[in-house]
Amino acid sequence: MNKFSNTDFTPPLIDGVSASKVFLPPDTSANTIFDYLCHHFPHIQPQEWQQRFSDGLIYAADGSKLGIEHIYTPNTHIFYYRFLAHEIHVPFEHEILFENEDLLVVDKPHFLTMTPTGQYVQETLLVRLKKQTGYAELTPIHRLDRETAGVVLFCKTPATRGIYQQLFAERKVEKTYHAIAAHRPELNFPQTLQLHLEKGTPFYTMQVNPDKPQNTQTSIELLQHNQYFAKYCLKPKTGKQHQLRVHLNYLGIPILNDPFYPVIAHKAEHDFSHPLQLLAKEIYFIDPVLQQEMSFSSRFELTL
């Protein structure tokens, strides 16, 4: 039996980072695993793979560490870890609000990306939590934008992950957001906004298409205001990307400090001076495992 065929190995957490798994297919001309990785991930420089091999960050399926000279073996898999040489520190901290056997409920600060992506690995909520708790299987059940703060749920065990994710898919979770935006006396609240949202240009934005049937719904209530700004309570029925941001922008009251709507305004990565004034304030659901009501509230506050 080939030494790579043992699949009992579970890669450890390394500094809060879980290993990524790559299948090695039979239809390739690669002579070494290094050759295959360079070809399969063309956006990653060969020097980066060389460094990962050198640092002992690439494992065979049986848990043995691989070197850059290891021959390609098809129909098996390997594990690798991703670290960044330079990463901008996000100077805000999360707080664990609640924990039981299955769930971790966390208060996410502004500017902290949920999971490793692009230029962030260590400076993400998931990796910080894994380092803090040691829970290698921790997975977000839903997501918040990097710019948005507030309550977010993580599942600790793969066995119940799908059950909790189904809650969101079936819209059985009540989410309440707070937002600061312009005060326009001519707008009537409360109101419910129903719009069709689709991918916009650039690709990471969303736009309203008035010619298609609605696929998003948000109830909006005015909580308080001064002469210029107001605090709004938003209750989305659906969960499209950037839904709340696009809905308020549609009403002519874009959320304060929104870098995408109505105009894209990229900031320096180390500029944390003007957080998006959007907060996932509360979340409510009936726990499908415990069969009891669960309600959590962020300790962050948005003020006029």
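Given the structure is predicted, the values throughout are model-derived calculations rather than measurements.

Enquirer: Could you give me a rundown of empty space enclosed by the protein, with the residues and numbers involved?
Expert: Throughout the structure, instances matching the rule amount to one cavity of 30 Å³ or more. Considered as a void within the structure, the largest cavity measures approximately 50 Å³ in volume. Lining the largest cavity, in full, are His142, Leu144, Val151, Lys175, Thr176, Tyr177, Ala280, Lys281, Glu282 and Ile283. Looking at the lining of the largest cavity, the elements with two or more residues in it are strand E8 (174-182) and strand E14 (278-286). At four residues, E14 tops the list of elements feeding residues into the lining of the largest cavity. Classifying every residue of the lining of the largest cavity by side-chain character gives five nonpolar, two polar and three charged.

Enquirer: Any chance you could break down the environment of Tyr261 for me, citing the residues and the numbers?
Expert: For Tyr261, the location among the structural elements is in the loop between helix H5 (243-250) and E14. Residue Tyr261 is classed as buried on the basis of its relative accessible area, which comes to 6%. On a C-alpha basis, the gap between Tyr261 and Met206 in space is 9.3 Å, while along the polypeptide they are 55 residues apart. If sequence neighbours within four positions are ignored, Tyr261 has contacts with Thr205, Met206, His242, Arg245, Val246, Asn249 and Pro254. A distance of 2.8 Å separates a polar side-chain atom of Tyr261 from the backbone nitrogen of Met206.

Enquirer: Give a detailed account of helix H4 (residues 158-169), specifying residues and quantitative values.
Expert: For H4, built from 12 residues, the straight-helix expectation of 16 Å at 1.5 Å per residue is met to within 8% by its first-to-last C-alpha distance of 17 Å. All of the buried residues along H4 are Thr160, Tyr164, Leu167 and Phe168. Along H4, the residues classed as buried sweep out an arc of 100° about the axis, all on the same side. Those residues of H4 that are buried lie in contact with strand E5 (103-108), strand E7 (149-155), E8 and E14. Immediately beyond the C-terminal end of H4, within one or two residues, lies Arg171, with a positive phi of roughly 55°.

Reading the values: rules and limits
Residues numbered from 1 in each chain as written. Predicted model: local features only at pLDDT ≥ 70, side-chain atom pairs only at ≥ 80, totals over all residues. Heavy atoms only, no water. 1 Å grid on protein atoms, 1.4 Å probe; cavity = no way out; pocket = protein on both sides within 12 Å on 5 of 7 lines; lining within 4 Å. Points joined across faces, edges and corners; volume = space filled by probe spheres on them. Helix = DSSP H or I, 4+ residues; strand = E, 2+ residues; numbered from the N terminus. Nonpolar A, V, L, I, M, F, W, Y, C, P; charged D, E, K, R; others polar. Buried < 20%, exposed > 50% of the residue type's maximum accessible area, 1.4 Å probe, protein only. Contact = heavy atoms within 4.5 Å. Polar contact = N/O pair within 3.5 Å; in protein donor to acceptor, adjacent residues only side chain to side chain. Expected span 1.5 Å × (residues − 1). Arc of directions from axis to C-beta.

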